[in-house]
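In case you want the letters, here they are:
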Amino acid sequence: MNKKVIAILIVLVIIVAGFFIVQNKGDKSLATVKEKGKFVVGLDDNFPPMGFRDEGGNIVGFDIDLAKELAERMGVQVEFKPVEWDGVLFSLKNGTIDVIWNALTITEERAEQIAFSKPYLDNRQIIVVQEDSTINNKDDLVGKIIGIQLGSSSENALNNEQEVVNKLEEIRRFSNNTEALMDLQTGRIDAVVVDEILGRYYISKKPDVYRVLEDDFGHELYGVGIRQEDIKFKEEIDVILDEMKEDGTAAEISNKWFGEDILKK
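First, a word on what this report is: a plain description of the structure on this page. All values reported here derive from a predicted model rather than from experimental measurement.

Conventions adopted
- Position numbers for residues start from 1 in each chain and track the written sequence from start to end.
- Side-chain atom pairs in this predicted model are given and counted only at pLDDT of 80 or more, local residue features only at pLDDT of at least 70, and totals for whole chains, interfaces and linings cover all residues.
- The basis for every side-chain value is the complete set of heavy atoms in the structure, and neither hydrogens nor water enter the calculation.
- By definition, any uninterrupted DSSP run of H or I lasting at least four residues is a helix, any uninterrupted run of E lasting at least two residues is a strand, and each is numbered from the N terminus.
- Any two residues having at least one pair of non-hydrogen atoms within 4.5 Å are treated as being in contact.
- Per-residue accessibility takes into account occlusion by the displayed protein chains alone, with areas from the Shrake-Rupley method and a 1.4 Å probe.
- Charge convention: Lys and Arg are scored as positive, Asp and Glu as negative, and His as well as the terminal groups of each chain are ignored.
- One atom stands in for each charge, and that atom is NZ of Lys, CZ of Arg, CG of Asp or CD of Glu.
- Pairing of aromatic rings covers Phe, Tyr and the six-membered ring of Trp, with a centre-to-centre limit of 6.5 Å; geometry is then stacked below 30 degrees between planes, edge-to-face above 60, and tilted otherwise.
- Only protein chains enter the accessibility calculation, which uses a 1.4 Å probe; a residue whose area is less than 20% of its type maximum is buried, one above 50% is exposed, and one in between is partly exposed.
- In what follows, salt bridge is the name for a side-chain nitrogen of Lys or Arg lying within 4 Å of a carboxyl oxygen of Asp or Glu.

A tally of helices and strands in the protein chain yields 11 helices and 13 strands. With respect to the three principal axes, the spread of C-alpha positions in the protein chain is 85 × 45 × 30 Å. A fraction of 75% describes how many contacts in the protein chain between residues 6 or more apart in sequence connect residues 24 or more apart. Surface exposure of the protein chain reaches about 13,300 Å², of which carbon and sulfur atoms provide 51%. The positive charge centre, built from 32 side chains, and the negative charge centre, built from 49, are 6 Å apart in the protein chain.

With that settled, the discussion passes to the packing of aromatic side chains. Counted according to the given criterion, the structure contains five aromatic pairs. Taking 5.9 Å as the distance between ring centres and 80° as the angle between the ring planes, the aromatic pair formed by Phe52 and Trp257 counts as edge-to-face. One end of the pair, Phe52, is in strand E3 (residues 51–53); the other, Trp257, is in helix H11 (residues 249–258), with 205 residues separating them in the sequence. Take Phe52: its relative accessible area is 14%, and that puts it in the buried class. Overall, the relative accessible area of 18% leaves Trp257 in the buried class.

For the coordinates displayed, the defined rule picks out 19 salt bridges. Residue Arg53 pairs with Asp45 through a salt bridge whose shortest N-O separation is 2.8 Å. According to the relative accessible area criterion, Arg53 is partly exposed, its value standing at 40%. With its nearest N and O atoms 2.8 Å apart, the salt bridge here joins Asp247 to Arg73. Placement of Asp247 in the loop between helix H10 (231–246) and H11 and of Arg73 in helix H3 (residues 62–74) is noted, with a sequence separation of 174 residues between them. Relative accessible area serves as the criterion here: at 30%, Arg73 is assigned to the partly exposed category.

Okay, here's the thing in structure tokens:
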């Protein structure tokens, strides 16, 4: 065997060894969480009913209850860390948080940067207007001011329909959806594009103020966002979520917040 062949074999061995080292490092993600005794959830704490603060200032919600149950079954604690939503992916990748669990829409763009759990909820991007608004469909949005949350999937969904965007007077961006809906109520904007789950919950609290159009900006799925290298941690999250669905615990949590089981089977 000549020196050139030996050199090539050595390079191949190094490459293969490097591959397994990377894989093993990724496989330590679950062990690392268990060693720390907790994982940190990044969220927008003004996103009812998924994650928000109650009158006592405590973070509560549907996703909060799911995360708490999952952490208990994993044998660790869970910490909830509010972050700016337009920088949430950066917070995950730089290690400030361990997962994003807050009605996170699975998109191709996000999937290039992070991994996702199995989808656990279906969602639509709905259009909310005032109850007495003359806006009845997308065509009526011409010359109107639309509110969206900065960095949200609502922004992406709206931008995917440039024929609508080009006819708007303005897209007004808010740090959270609650602010957008408040501006809609006061008439400072004409409509809000928002996740249906949040929008319906908010509207149920003020049934005579808002109305949802039949038109929407598309359907989507929610998943838990995880770092791409955290393979074992992601697998464990998927296993436990499946267990929670199968034994009815997830359905109980859903009934608590929505009055029915809306989880994706």
